[in-house]
Amino acid sequence: MERKSKSLETRMIHGTYDRSRHYGSLTPPMYQTSTFSFESAEQGEARFVGNESGYIYSRLGNPTVDTLEKKIADLEGGEEGIAFSSGMAAVSAVLLALVKSGDHILVSEGVYGCTFGLLKMMKEKFNVDYDLIRMESEEAILSKIKPNTKALYIETPINPTMKLVDIEMVVNMGKQHNLPVVVDNTFCSPYLQQPLAIGADIVLHSATKYIGGHGDVIAGLVVGKSEFIQEVRMTTQKDIGGVLAPFDAWLLLRGLKTLAIRMDRHCENTEKLFEKLQEHPKVKNIVYPGDPSFHQYDLAKKQMKHFGGLISFEIEGTKEMAQKLMNELTMIQVAVSLGDAETLIQHPATMTHAVVPEEEREKMGITDQLLRLSVGLECPDDIWEDLEQAINKI
Ligand SMILES: *Cc1c(COP(=O)(O)O)cnc(C)c1O
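Okay, so let's go over this structure. (Residues numbered from 1 in each chain as written. Predicted model: local features only at pLDDT ≥ 70, side-chain atom pairs only at ≥ 80, totals over all residues. Heavy atoms only, no water.)

Okay, the overall build of the protein chain next. The helix and strand tally for the protein chain stands at 16 helices and 12 strands. Taken over C-alpha atoms, the radius of gyration comes to 22 Å for the protein chain, in line with the 21 Å a tight globule of 394 residues would show. For the protein chain, the C-alpha atoms occupy an extent of roughly 75 × 50 × 45 Å along the three principal directions. For the protein chain, the residues scored as buried account for 53% of the 394 residues in total. The contacts of the protein chain with a sequence gap of at least 6 include a subset with a gap of at least 24, amounting to 71%. (Helix = DSSP H or I, 4+ residues; strand = E, 2+ residues; numbered from the N terminus. Rg over C-alpha atoms; globule rule 2.2 N^0.38 Å. Buried < 20%, exposed > 50% of the residue type's maximum accessible area, 1.4 Å probe, protein only. Contact = heavy atoms within 4.5 Å.)

This part takes up helix α10 (residues 226-237). The terminal C-alpha atoms of α10 lie 15 Å apart, and with 12 residues this falls more than 12% below the ideal 16 Å at 1.5 Å per residue. Taken together, the buried positions of α10 are occupied by Phe-228, Ile-229, Val-232, Arg-233, Thr-236 and Gln-237. Buried residues of α10, seen end-on, are gathered within an arc of 140° and therefore sit on one face of the element. Contact partners of the buried residues in α10: α3 (63-76), β1 (80-84), α4 (87-98), β6 (202-206) and β7 (220-224). (Expected span 1.5 Å × (residues − 1). Arc of directions from axis to C-beta.)

Burial analysis of β1 places five of its five residues in the buried class, which makes it a mostly covered element. Here β1 shows two buried faces, one formed by Glu-80, Ile-82 and Phe-84 and the other by Gly-81 and Ala-83.

Another aspect to go through is the site of the ligand. Close contacts around the ligand come from 13 residues, with Gly-87, Asp-184, Ser-206, Thr-208 and Lys-209 the closest. Between the ligand and Gly-87, the relevant distance is 2.9 Å, taken from an oxygen atom to a main-chain nitrogen or oxygen of the residue. Contact between the ligand and Met-88: an oxygen atom at 2.9 Å from a main-chain N or O atom of the residue. When the ligand sits alone it has 380 Å² of accessible area, and the protein chains cover 93% of it. Residues of the shell around the ligand, tallied by class, amount to five nonpolar, five polar and three charged. (Near = heavy atom within 4 Å. Polar contact = N/O pair within 3.5 Å; in protein donor to acceptor, adjacent residues only side chain to side chain. Areas by Shrake-Rupley, 256 points an atom, 1.4 Å probe, with all protein chains shown as cover. Nonpolar A, V, L, I, M, F, W, Y, C, P; charged D, E, K, R; others polar.)

Glancing now at the side chain of Thr-343. If you trace the backbone, Thr-343 turns up in the loop between β10 (333-334) and β11 (344-346). Here Thr-343 falls in the buried class, since its relative accessible area comes to 0%. Among the polar contacts made by the side chain of Thr-343, one reaches the main-chain amide nitrogen of Gly-376 at a distance of 2.8 Å. With near-sequence residues (within four places) excluded, Thr-343 lies in contact with Ile-332, Gln-333, Leu-373, Ser-374, Val-375, Gly-376, Glu-378 and Ile-383.

In structure tokens:
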């Protein structure tokens, strides 16, 4: 039987790129240009009024960026994609396109810190209201949907407590109330989780993380229905201007080719590390969706292909001991971000979540003893050896 389309792994490599239009160049060329010459004044006019398709100016479209946008749309299973200069440029362009002054957004608790900062700013400056809630049941969501609610915005899993949101449940609520569902899919990448296939309307990424995968680019991607993406393209992207540079698009196209094998390795390494951490007497309260006793293990299995490359744990001891552990590491790097080849460790209470008031932090489970690892692609034995020797020194 003939298959309709190639598998995701293969499409990450070949995808929608048409070599015949680029001199057969195996890899997509980088069009490092700000503008495009017209063959005549009339052609310029035709491009501007939309009677002829073609490039005009790289803030409005660029062939390298375009190749990336088509590829991510294909991988997420959506109609159209759009690329941004950062994950936050993507988040802000999407939210600003969805709401106007007086509207309300319902957001899952624990979203990325700068997304929270943006919501606060939109509320203070533009009178766009929001509620942050634990989206654990239909009732919980229903009780916060208001007549002026314009979108449901979720992130799953969240950092650093790995709490999940049931995408299918939120999608059902969105459909019942005619509200678009936006999913920040950064932690999973399209390889591990496909929100659009579950029925979400818009999926977005900090491509800085797993999609880039090499710690060398800051970028954002969004996929959704053509109508919505076109609106974003002509308003909150064109006029605010957070466009992706051709070189950065080129780096992401390169990163995407190995996404599947990298994700497999991130997931395998994390699983191995989980087993080791579990046996260590100084380690407690490991949070990892792949832990069969994790309270949302079944949900993780339902909506994720594997359990991801992030794991958090607490150590017996104090904040100073957590910091000492980090300082004793010789290979693992002390850094925020995630999804890189290098294993990274961070201390959420004093780094990514330092701005969250202590009381709130404790409620979320972000204690002074909590550490978060973004497990890299190194040999898992080497990762554990480094971590174990550092734990043993505290
Ligand atoms: C990093 C991150 C962002 C922001 O992306 P940038 O590329 O840093 O602007 C948004 N959401 C999540 C879940 C992230 O991890």
